[in-house]
Amino acid sequence: MRYLEIDSWERKQHFEFFNTFFDPYFAVSMDVEVSKAYTFSQKKGIGFFTVYLHACLKAINSIENFKYRIQDNKVVVYDTIHSSATIMRPNKTFGFSFIKFNEDIVDFSANVRTEKKRIFNSDELFPPVNSDDCIYCSAMPWINFKGHKEPINGGKESVPKLAFAKMVKEDNKLKMNVSISVNHALVDGYHVGLFYEEFQKALNAYK
């Protein structure tokens, strides 16, 4: 972890402008093709959610702006971004997880299973570890949404928020809509565009 030198940052004016907003988040939603990722998950016996979350984190960690967080009006740069995903229990409530990212899909899958087991055996909403070096994300596999809004608690937030929709078949391809909300003080549309490009590359890389 390190601090960004804001005074020499080319986005200093953008940061200072949007950092004054009550709600500086903007959001977009678009679909990605998940055919190869889904086939890989079935072949390897790894949950589809685990596979596309792994691809998502690979994309997030490849773009520096998604590693930025605002703390005490300073910009912290984390080395690695993990995932705080909602995991639903059998009783249909959910708990927040903290899933450590690992480049190796097998190790990452083990991290997902560990958090799932913890949540299934607890009624706690929050995980023991809860920090800003993550993304917030929710899977909604019942809904093929085209737009999505994440809740804002009214405080100074800077963690990216993502939601994954129902997988659908279109033109013999499997697709899934993905919504992302980001703090405009840290991230611009250009970086969101890069995210979708890198996410699609990562989804296509599973064999």
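Data block above holds the structure.
Residues numbered from 1 in each chain as written. Predicted model: local features only at pLDDT ≥ 70, side-chain atom pairs only at ≥ 80, totals over all residues. Heavy atoms only, no water.

> Would you take a moment to explain the sheet that holds strand β8 (residues 161-170) for this structure?
Within a sheet, each strand pairs with its neighbour through backbone hydrogen bonds, oriented either parallel or antiparallel. The six strands lie next to each other as β2-β9-β8-β7-β5-β6, forming an open sheet whose pairing is mixed. Every interior strand has two partners, whereas the edge strands, β2 (25-33) and β6 (94-96), have only one. The average angle at which neighbouring strand axes cross in this sheet is 20°, direction not considered. With eight bridges connecting them, β8 and strand β9 (residues 173-183) associate as antiparallel partners. By the bridge assignment for β9, Ala163 is matched with Ser179. The strands that helix α3 (residues 48-61) touches are β5 (82-88), β7 (134-139), β8 and β9; relative to β7, the one it contacts most, it runs at about 145°. Helix α5 (residues 189-204) rests against β2, β8 and β9 of the sheet, and its axis sits at about 25° to β2. (Pairing = 2+ DSSP bridges. Helix = DSSP H or I, 4+ residues; strand = E, 2+ residues; numbered from the N terminus. Axes fitted to C-alpha atoms, helices over the stretch in contact; angles between N-to-C directions. Contact = heavy atoms within 4.5 Å.)

> Please clarify how the layout of surface pockets should be interpreted in this entry.
If a probe the size of a water molecule is rolled over the atoms, the empty space left behind becomes visible. Counted as a void, the largest pocket has a volume near 1,100 Å³. Residue lining of the largest pocket: 41 residues in total, with Thr86, Ile87, Cys137, Ser138 and Ala139 positioned closest to the centre. Elements with a contribution of two residues or more to the lining of the largest pocket: α3, β5, β6, α4 (105-120), β7 and β8. Of the residues contributing to the lining of the largest pocket, the split by class is 23 nonpolar, nine polar and nine charged. (1 Å grid on protein atoms, 1.4 Å probe; cavity = no way out; pocket = protein on both sides within 12 Å on 5 of 7 lines; lining within 4 Å. Points joined across faces, edges and corners; volume = space filled by probe spheres on them. Nonpolar A, V, L, I, M, F, W, Y, C, P; charged D, E, K, R; others polar.)

> Before we go on, may I ask you to explain the sheet that holds strand β1 (residues 2-3) in this structure?
If you walk across this open sheet you meet the three strands as β1-β4-β3, and the pairing is antiparallel. Strand pairing shows two members of the sheet lacking a second neighbour, β1 and β3 (68-71), which therefore form its edges. The pairing of β1 with strand β4 (residues 74-77) spans two bridges and is classified as antiparallel. Opposite Arg2, over in β4, you have Val77 as the bridge partner.

> Explanation requested: the side chain of Arg69 in the structure shown.
Looking at the element boundaries, Arg69 is found in strand β3. Among buried charged residues, Arg69 stands out as having no salt bridge; its nearest opposite-charge side chain is Asp132, 6.0 Å away. (Buried < 20%, exposed > 50% of the residue type's maximum accessible area, 1.4 Å probe, protein only. Lys, Arg positive; Asp, Glu negative; His and termini not counted. Salt bridge = Lys/Arg side-chain N within 4 Å of Asp/Glu carboxyl O.)

> Even after reading the chapter, I still don't get the pattern of salt bridges, so can you show me in this structure?
Opposite charge on two side chains permits them to pair, given that their charged atoms come into close proximity. All chains considered together, the criterion is met by seven salt bridges. For the salt bridge of Asp188 with Arg11, the shortest nitrogen-to-oxygen distance reads 2.8 Å. On the criterion of sequence distance, the pair formed by Asp188 in the loop between β9 and α5 and Arg11 in the loop between β1 and α1 (12-18) is long-range, its members being 177 residues apart. With a relative accessible area of 18%, Asp188 lands in the buried category. Two residues, Lys201 and Glu198, come together in a salt bridge whose shortest N-O distance is 3.4 Å. Taken together, the residues span about one helical turn, with Lys201 and Glu198 both in helix α5 at a distance of three residues. Residue Glu198 is classed as partly exposed on the basis of its relative accessible area of 25%.

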